[in-house]
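# Examination of the molecular architecture
Read off the chains here:
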Amino acid sequence: MKRRLVLWSGLGAATILLAAGGAWLLSLPPAPAAAAAPVIASAEAEAAIDALKPPKRPRPLIAIIGINDATETTDYLMPYGILRRADVADVMMLATGAGPVQLYPALRVEPDATLADFDARHPEGADYVIVPAMSRDDDPAVLRWLKRQAQKGATIIGVCAGTKIVAAAGLLDGKKATTHWYYVDELRERYPAIRYVRDRRLVADENVATTTGITASMPAMLTLIEAIGGRGKAEAAARGLGLTEWDARHDSSAFNFTRPFALTAIGNTLAFWDHERLGIELAPGLDEVSLALVADAWSRTYRSRAETFAGAGGAIETKNGVRIIPDRVAAEWDEDRRVSLVGEQAPATALDEALNAISQRYGARTADFVATQLEYPRQGGPP
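Read on for a plain summary of the structure.

This next bit is on the nonpolar core. Ile62, Leu77, Leu224, Ile225 and Trp298 are the most contacted members of the largest nonpolar core, which has 75 residues in total. The contacts of Ile225, once residues within four sequence positions are left out, are Ile82, Leu83, Ala86, Val88, Gly230, Lys233, Ala234 and Ala237. Core analysis: the next-biggest nonpolar cluster, separate from the first, contains 31 residues, Ala113, Val131, Trp145 and Leu187 among them.

Laid out in C-alpha cells, this is it:
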C-alpha cells in the first residue's frame with residue numbers, strides 16, 4: 001500500500017510538472033516575424049560620433065577590462081582585435097588579478113596587465129574603457145576601478161550585458177542606454193533611472209555608450225574607430241571584417257524569449273548522450289575576431305563545446321597579439337569533430353559560415369537559437 005501511494009504521488013507530481021511546463025511553453029510567443037530595422041537619421045549618427053570623440057589624448061589609450069574567472073569571449077576579444085587592426089589607438093586587455101582570463105563560453109587568454117599594473121603605468125587613466133559581459137555584475141574591484149576611470153575623464157563603453165556592470169557602478173543614472181535583449185527587463189527593473197532605447201545597436205549619451213548583444217561590438221567598434229580616426233579608417237577596418245555598413249539600426253522586436261528558443265534549449269540540453277567537444281587548432285597568426293566568433297557560436301548550441309588544441313602548451317599569439325592558451329595539448333583531433341578556420345576569411349563571413357555549419361549539423365532551429373543568443377541579425381534567414 002505504502003509503495004503504491006508513493007508511486008501514485010510521484011506520477012501525480014510529474015503530471016503536474018509536465019502540465020505546468022506545457023502551459024509555460026504555450027504562454028511563450030512564437031518566432032517573431034521579420035521586420036525592417038528603423039533607419040537612423042544622419043543627425044543621430046553624427047551625435048553618436050561626436051559623443052565618442054577622444055576625451056583626452058590625440059592617440060587614445062583604450063582599456064578592455066575583464067575578471068579572471070569568467071568574461072564573455074567575443075565581448076573581450078572582438079573589440080581588441082578590431083581596434084588593433086585599425087591602429088588608431090593603443091589598446092590593452094586587462095584583468096582584475098594576475099594570471100589568465102577564462103572566457104565563457106570558450107577560450108582562455110593571457111591579459112596584457114592587471115588593473116593595478118595599468119594604474120601604475122597610467123595614473124592619468126584611460127581614454128576609453130570597454131566593459132564586456134561578466135559572470136557577475138557586482139565585482140568590487142571592477143566597480144571601484146570603473147568609477148575611478150570615469151572620474152578621470154574616460155568614456156565608458158558597456159558591451160552586451162556589460163551594460164549591467166556600468167549601471168551597477170552608478171554611471172548610467174539618468175542616461176539613455178541599451179543592453180542584450182535577454183537582460184532588458186532586468187536592467188529596467190533594477191535601474192529605473194536609466195532611459196532604455198530600443199531599436200539601436202549602439203546608444204551613446206555623453207561620456208557613456210552601451211550596445212545590444214554580443215555581435216553589436218563589431219559595429220560599435222567601427223563607430224569608435226570613425227570617431228577617433230575618421231570615416232576612411234572605419235571603412236578600411238569594415239572591409240577587413242567583411243562589412244559594408246555598420247550604423248546603429250536594429251530591430252529589437254526580432255529578439256525575444258520565444259517558444260522555439262525555449263524548446264531548442266530544452267531539447268538540446270536533454271540530448272546529453274549526443275553532446276560533443278569540437279576542436280579548433282591554434283596556429284600563430286590566427287584572426288582573433290574570427291576565432292572568438294566561431295568558438296562562441298559553436299559553444300552556444302547546447303549540443304557542443306569548442307575547445308582549442310595545439311602541439312605545445314605555451315600561449316599562441318594571434319594576428320593582432322592576443323595570446324591564447326590551448327585547452328589541450330594534442331597534435332591531432334578527430335576530423336569529424338574538428339572546426340576549421342580559413343586563413344584570410346573575413347570575421348563576418350566566418351560567423352555566417354559557422355551558423356550554416358551548425359544548421360547542417362544540428363538543424364536550422366539550433367542555428368537560429370545561437371544567432372539569437374548572439375543578437376545577430378542573420379542575412380537571408382531568421383535572427
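So, next bit.
As a general feature of sheets, a regular strand has side chains that alternate between the two faces. Within strand 14 (residues 304-310), 6 of the 7 residues are buried, which leaves it mostly tucked inside the rest of the structure. Bridging between strand 13 (residues 276-281) and strand 14 involves 6 bridges; their strand directions are parallel. Among the inter-strand pairings, Ile280 is bridged to a residue of strand 14, identified as Thr308. Crossover handedness for the path strand 13 to helix 11 (residues 288-298) to strand 14: right-handed. Note that strand 14 and strand 17 (residues 328-329) share 2 bridges and pair parallel.

Next up on the list: the packing of aromatic side chains. To describe a pair of aromatic rings, you give the distance between the ring centres and the angle between the ring planes. The final tally for this structure, using the stated rule, is 11 aromatic pairs. Judged by centre distance (5.4 Å) and plane angle (80 degrees), the rings of Phe272 and Trp273 are edge-to-face. Note on Phe272: relative accessible area 61%, which makes it exposed. Take Trp273: its relative accessible area is 65%, and that puts it in the exposed class. Pairwise contacts between aromatic rings join Trp181, Tyr182, Tyr183, Phe257, Phe261, Tyr302 and Phe369 into one cluster.

The next thing to look at is the sheet that holds strand 14. Taken in spatial order, the 3 strands of this open sheet run 13-14-17, and their pairing is parallel. Each edge of the sheet is formed by a strand with only one pairing partner; in this case those strands are strand 13 and strand 17.

A few words on the pattern of salt bridges. Side chains bearing opposite charge may pair, as long as their charged atoms lie close to each other. Tallied over the full model, the rule gives 33 salt bridges. Asp199 is the partner of Arg198 in a salt bridge, and the nearest nitrogen-oxygen pair spans 3.7 Å. Of the residues examined, Arg198 reaches a relative accessible area of 44% and is grouped as partly exposed. Taking relative accessible area as the criterion, Asp199 reaches 16% and is therefore assigned buried. The salt bridge involving Glu281 is made with Arg338; its shortest N-O contact spans 2.3 Å. One end of the pair, Glu281, is in strand 13; the other, Arg338, is in the loop between strand 17 and helix 12 (347-362), and 57 residues separate them in sequence.

Definitions and cut-offs
Residues numbered from 1 in each chain as written. Predicted model: local features only at pLDDT ≥ 70, side-chain atom pairs only at ≥ 80, totals over all residues. Heavy atoms only, no water. Core = buried A, V, L, I, M, F, W, Y, C linked by side-chain atoms within 4.5 Å. Buried < 20%, exposed > 50% of the residue type's maximum accessible area, 1.4 Å probe, protein only. Contact = heavy atoms within 4.5 Å. Helix = DSSP H or I, 4+ residues; strand = E, 2+ residues; numbered from the N terminus. Pairing = 2+ DSSP bridges. Right-handed = clockwise from strand over helix to strand, strands pointing away. Phe/Tyr/Trp six-rings, centres within 6.5 Å; stacked < 30°, edge-to-face > 60°. Salt bridge = Lys/Arg side-chain N within 4 Å of Asp/Glu carboxyl O.

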